[in-house]
Amino acid sequence: MAATAGAYEKLKLHITPEKFYVEACDDGANDVLAIDRVSTEVTLTVKKDVPPSAVTRSIYGILGTIRLVAGNYLIVITKKKKVGECFNHAVWKATDFDILSYKKTMLHLTDIQLQDNKAFLAMLSHILNVDGFYFSTTYDLTHTLQRLANTSPEFQEMSLLERADPRFVWNGHLLREFAAQPEIHRFALPVMHGFIAMHSCSINGKYFDWLLISRRSCFRAGVRYYVRGIDSEGHAANFVETEQIVHYNGSKASFVQTRGSIPFFWSQRPNLKYKPKPQISKVVNHMDGFQRHFDSQIISYGKQMIVNLVNQKGSEKPLEQTFAKMVNSLGNGMVSYFLVDSDGKVVTQQDGIFRSNCMDCLDRTNVIQSLLARRSLQAQLQRLGVLHVGQRIEEQAEFEKIYKNAWADNANACAKQYAGTGALKTDYTRTGKRTQWGLIMDGWNSLIRYYKNNFSDGFRQDAIDLFLGNYSVDEVESVSPLHIQKDWKFLALPIIMVVAFSMCIICLLMAGDTWTETLAYVLFWGTASFGTLAIIFYNGKDFVDAPKLVQKEKMD
C-alpha cells in the first residue's frame, strides 16, 4: 500500500487578539495556517508571519470549527495517548480537547444568548468527553484492509481527509471549511469514533500483531431510545463496522463484520417504563428503506449473512416477524476473509459479511461477533502457520486472555457510546461463562441505563446532533429550541406526589388518637401518592428528557 499524503503530526498553536496561527513543526515544514478571528477566513502562510507576541502552546490536531450563538469556535486536540502501531503507522486516541472562541469577549450577547451559548458549549464538551476518538496522521483508519488494497494509485495520493470514508469521520461537519481548500488539507485530521485495541501476541514462539477496530457510523448516530431503525436514505441506527486484523511476517489478514439496528422504520420512545414497547411505523413503505439499506451494504461489503438476535416472543416478536419477512427476499452466501501475502499479492477476498442485530446491537451482538471472529481467526492463524494443525485458539491461554478482554472492552465502548453505560454480559465474553459478579454488574448497568435513557438522553441526543451538524445554530433565531416550555404536569404532578408520600410517612410516624384515624390518613395520602404516580407513568412521555434541537424522521 502506497503512503498517503499524511496530516501534520507536530503542531503549535499561536494565539493573538486578531488571529489563530497553527504552525506545522514536522521536519522540513514551513506551513502555517492562519485563521482570522474577525472575518473567519482561513489562509496558508509561513512561519515568519507569526507575531513574536503570540501566546504559544502545543496541540496534536485540529478537530475543526463550529458556529454557536457567540460566533465561531476552534476545537483542537490538546492531549493524546498512543494506542499502538498499525503497519508501522502510529495510532492515537485523543484524550483532551480545547474549544476556543474567535470572539475576545461575550459583551455582544444578551443574557438569554449567553445562557444558550453556554448550553451549546456544554453539549460539545459532553461529546468530547465520551471516550473513543481515534486518529493517525499517516494511516487511513476509516477503511478496511480490503478496501485499501482495492484502490487506485490516484486514491492513494489523496489527502487523508479526501479519501476517508465519510461514514466514519466524526468531525466531517467540523472540517467542512477545510475540505473546500485542498491546500490546507494537511492541517485537517479525520477522526473516527469507536474502539481500537492493538496487541503484539505470541503463539508457538511466533510473534504477530492482532488488532480490533470498531468504526461507529456518524450517519443516523444517536442514543439508544431516540434513534432506532433506519432513515429514508437507508442508514441504520448504531451502525458499527468491526474489523479484526492479523499481521504476521509481512502477511496481513482481515475479517470484517457489521452491526446495526433492525433496518426498517420503527421507534421505541422512552416513557418511564423499564422497557418501552417498540412501535412499527404504519405510514411509510418499509421495503424502500430496507432495500436501500441492503443495496448500499452489498456495494460496500458483498453478500450479507444476516444474524438475527431479536427475541421471537414478547414485545420484540413483531419486529422479529417483520424483519424475517423482509430478509426472505434477500440472498446469502459463504463468508471468507481477506488475506494479502508478504509480497503484497491478494490471496483471498472477503466476499460477504455477517450483519448482526438485536434490539440495541450491543450485548448479545458483541458476544456473537466475538465467537464468529474467533472462528475466522482460527482459520487465518492456521493458514499463516502460527497455529499447528489441530491446535485451537481456546487452548492458547495467554492469547485467549488478550482476545477475550479486547472484545469485552469493545463491547463496553460501543455500549457507552449508544446506551450510556458499559455492556451487559461482558463476564461471558471475558471468562466464557456467566458469573455472580457479572449478573450484579448487569443489574447495576441496567439501572443506570434506565435513568440515563429517561432523564438525560435528550441532552445526549442534542449534543450528538449539534456536533455532527444535524442542527446548525441560528444566531438570529427569535426563539431558541432550548427554551421549549414544559407542560404544567411536568412540574405539578411530581410535587403533588412527593408531598402526598411525605404526608403518608408522617402519618405513620406520628400516630393519631386512634388507629382508625391513623389508617384513614395513611390510606388517603397513600392513595394520593400512588394515584399521582400512576398518572405520571400514564403520561410518561411528558416526563422524560426529550431532544430539543432536531425535529426530523428520528424524532417522529
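Figured I'd write up the structure that's included with this text. (Residues numbered from 1 in each chain as written. Predicted model: local features only at pLDDT ≥ 70, side-chain atom pairs only at ≥ 80, totals over all residues. Heavy atoms only, no water.)

Regarding the packing of aromatic side chains
So, step 1. Taken as a whole and judged by the stated rule, the model has 15 aromatic pairs.
So, step 2. Considering the side-chain rings of Trp210 and Phe399, the 5.8 Å spacing of their centres and the 85° angle between planes classify their relative orientation as edge-to-face. Of the two residues, Trp210 is situated in strand 11 (residues 206-216) and Phe399 in helix 9 (residues 397-418); the sequence distance between them amounts to 189 residues. Assigned by exposure class, Trp210 and Phe399 land together as buried.
So, step 3. Through pairs of rings, three or more aromatic residues link up here, namely Phe208, Trp210, Phe399, Tyr403 and Trp407. (Phe/Tyr/Trp six-rings, centres within 6.5 Å; stacked < 30°, edge-to-face > 60°. Helix = DSSP H or I, 4+ residues; strand = E, 2+ residues; numbered from the N terminus. Buried < 20%, exposed > 50% of the residue type's maximum accessible area, 1.4 Å probe, protein only.)

Let's talk about a nonpolar patch on the surface
So, step 1. Where nonpolar side chains cluster on the molecular surface, the patch consists of Phe501, Ile505, Ile506, Leu508, Leu509 and Met510 and spans about 640 Å² of accessible area.
So, step 2. Along the chain, the position of Phe501 falls in helix 13 (residues 488-509). (Patch = residues over 30% accessible without salt bridge, like charges linked within 9 Å, V, L, I, M, F, W, Y side chains within 5 Å. Areas by Shrake-Rupley, 256 points an atom, 1.4 Å probe, with all protein chains shown as cover. Salt bridge = Lys/Arg side-chain N within 4 Å of Asp/Glu carboxyl O.)

Comments concerning the sheet that holds strand 2 (residues 19-24)
So, step 1. Taken in spatial order, the five strands make up an open sheet running 4-3-2-1-5, and their pairing is antiparallel. Either end of the sheet is taken by a strand with one partner, and the two such strands are strand 4 (42-46) and strand 5 (55-59). Sheet twist, expressed as the mean angle between neighbouring strand axes with direction ignored, is 25°.
So, step 2. Pairing of strand 2 with strand 3 (residues 31-36) involves five bridges; the strand directions are antiparallel. When the bridges of strand 3 are listed, Val22 appears paired with Leu33. (Pairing = 2+ DSSP bridges. Axes fitted to C-alpha atoms, helices over the stretch in contact; angles between N-to-C directions.)

As for unusual backbone geometry
So, step 1. Phi angles above zero are rare outside glycine, and Phe87 is one such case at about 55°.
So, step 2. Judged by its relative accessible area of 15%, Phe87 falls in the buried class.
So, step 3. Although it is not a glycine, Lys425 sits at a positive phi angle of roughly 65°.
So, step 4. Checked against the element boundaries, Lys425 lands in the loop between helix 9 and helix 10 (426-431).

Looking at the pattern of salt bridges
Note on pairing: side chains with opposite charge can pair once their charged atoms come close.
So, step 1. This model, assessed by the stated rule, comprises 25 salt bridges.
So, step 2. With a closest N to O distance of 3.7 Å, Asp49 and Lys48 form a salt bridge.
So, step 3. On the basis of relative accessibility, which here comes to 71%, the residue Lys48 falls in the exposed class.
So, step 4. A salt bridge links Asp360 to Arg228; the shortest N-O distance between them is 2.8 Å. Of the two residues, Asp360 is situated in the loop between strand 19 (352-357) and helix 8 (363-384) and Arg228 in the loop between strand 11 and strand 12 (240-248); the sequence distance between them amounts to 132 residues. Neither residue differs from the other here; Asp360 and Arg228 are each classed as buried.

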